[in-house]
Amino acid sequence: MDRLTQLKQFIGKEFDQSPSPFMKWLNPTVLSVEEGELEFQYTVRPEWLNPVGNLHGGVTAAIVDDIIGATMFSLNEISFITTINNVIDYFSTAKENDNIVAETKIIKRGKQFINAQCEIWNADKTRLIARGTSNLFKINN
């Protein structure tokens, strides 16, 4: 079974079979899966908050990095794909117990490099919380 098909089996469920221990800790629910496009939902937990009670920027960046990594998994590439950089813009906040939705898409898929984007929204997608872009590099095995 290819990786995309494996991911699709989790639609509507927690992604508890991720090969990433960190993603298991983030505990997303898979909302949709297409090649190069994922949508995951997260519930903001107390340990994700900064001192003033908002979603910590570092956790936001970690979500962006982790779901973009899962998006690379959906491409069924033979090569391992590693992150070169992440750029995150923060627009709004989320509070404890808020549901947030992260959605990804591939901006450019080249022979060696991939540029991907992730947007994190509130649950009803009326408020953009953050947008991140990543450049990734294919390492041939």
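Below is a summary of the structure that appears in this document. Just so it is clear, the structure is predicted and the values come from calculations on it, not from any experiment.

The rules behind the values
- Residues numbered from 1 in each chain as written.
- Predicted model: local features only at pLDDT ≥ 70, side-chain atom pairs only at ≥ 80, totals over all residues.
- Heavy atoms only, no water.
- Helix = DSSP H or I, 4+ residues; strand = E, 2+ residues; numbered from the N terminus.
- Rg over C-alpha atoms; globule rule 2.2 N^0.38 Å.
- 1 Å grid on protein atoms, 1.4 Å probe; cavity = no way out; pocket = protein on both sides within 12 Å on 5 of 7 lines; lining within 4 Å.
- Points joined across faces, edges and corners; volume = space filled by probe spheres on them.
- Nonpolar A, V, L, I, M, F, W, Y, C, P; charged D, E, K, R; others polar.
- Core = buried A, V, L, I, M, F, W, Y, C linked by side-chain atoms within 4.5 Å.
- Buried < 20%, exposed > 50% of the residue type's maximum accessible area, 1.4 Å probe, protein only.
- Contact = heavy atoms within 4.5 Å.
- Pairing = 2+ DSSP bridges.
- Axes fitted to C-alpha atoms, helices over the stretch in contact; angles between N-to-C directions.

### So, the overall build of the protein chain
At step 1: A count of helices and strands for the protein chain gives three helices and six strands.
At step 2: Secondary structure elements in the protein chain, listed N-terminal to C-terminal, are α-α-β-β-α-β-β-β-β.
At step 3: Scaling as 2.2 N^0.38, a compact globule of 141 residues should have a C-alpha radius of gyration of about 14 Å, and the protein chain matches this with 14 Å.
At step 4: Its C-alpha atoms give the protein chain principal-axis dimensions of roughly 45 × 30 × 25 Å.

### Things to note about the layout of surface pockets
At step 1: Considered as a void within the structure, the largest pocket measures approximately 450 Å³ in volume.
At step 2: Mapped onto the lining of the largest pocket, the elements with two or more residues apiece are helix 3 (57-73) and strand 3 (80-90).
At step 3: Residue contributions to the lining of the largest pocket peak at six residues, all from helix 3.
At step 4: Residues of the lining of the largest pocket, tallied by class, amount to nine nonpolar, six polar and four charged.

### Regarding the nonpolar core
At step 1: Of all hydrophobic cores here, the largest spans 34 residues; its most connected members are Phe 40, Tyr 42, Trp 48, Ile 63, Met 72, Ile 100 and Ile 120.
At step 2: Ranked by residue count, the leading element in this core is helix 3, at seven residues.
At step 3: With near-sequence residues (within four places) excluded, Phe 40 lies in contact with Phe 15, Met 23, Pro 28, Thr 29, Val 30, Leu 31, Ile 67, Ala 70, Ile 100, Val 101 and Ala 102.

### Thoughts on the side chain of Ser 134
At step 1: Note on placement: Ser 134 falls in strand 6 (residues 128-139).
At step 2: Relative accessible area serves as the criterion here: at 0%, Ser 134 is assigned to the buried category.
At step 3: If we skip the residues at most four places from it in the chain, Ser 134 touches Ile 68, Asn 85, Asn 86, Ile 114, Asn 115 and Ala 116.

### Focus: the sheet that holds strand 2 (residues 37-43)
At step 1: Pairing is antiparallel across the open sheet formed by six strands, whose spatial order is 1-2-4-5-6-3. This sheet does not close on itself; its edge strands, each paired only once, are strand 1 (29-34) and strand 3. Going across the sheet, the axis of each strand differs from the next one's by a mean of 20 degrees, ignoring polarity.
At step 2: Packing against the sheet, helix 3 makes contact with strand 2, strand 3, strand 4 (99-109), strand 5 (113-122) and strand 6, and its axis sits at approximately 130 degrees to strand 5.

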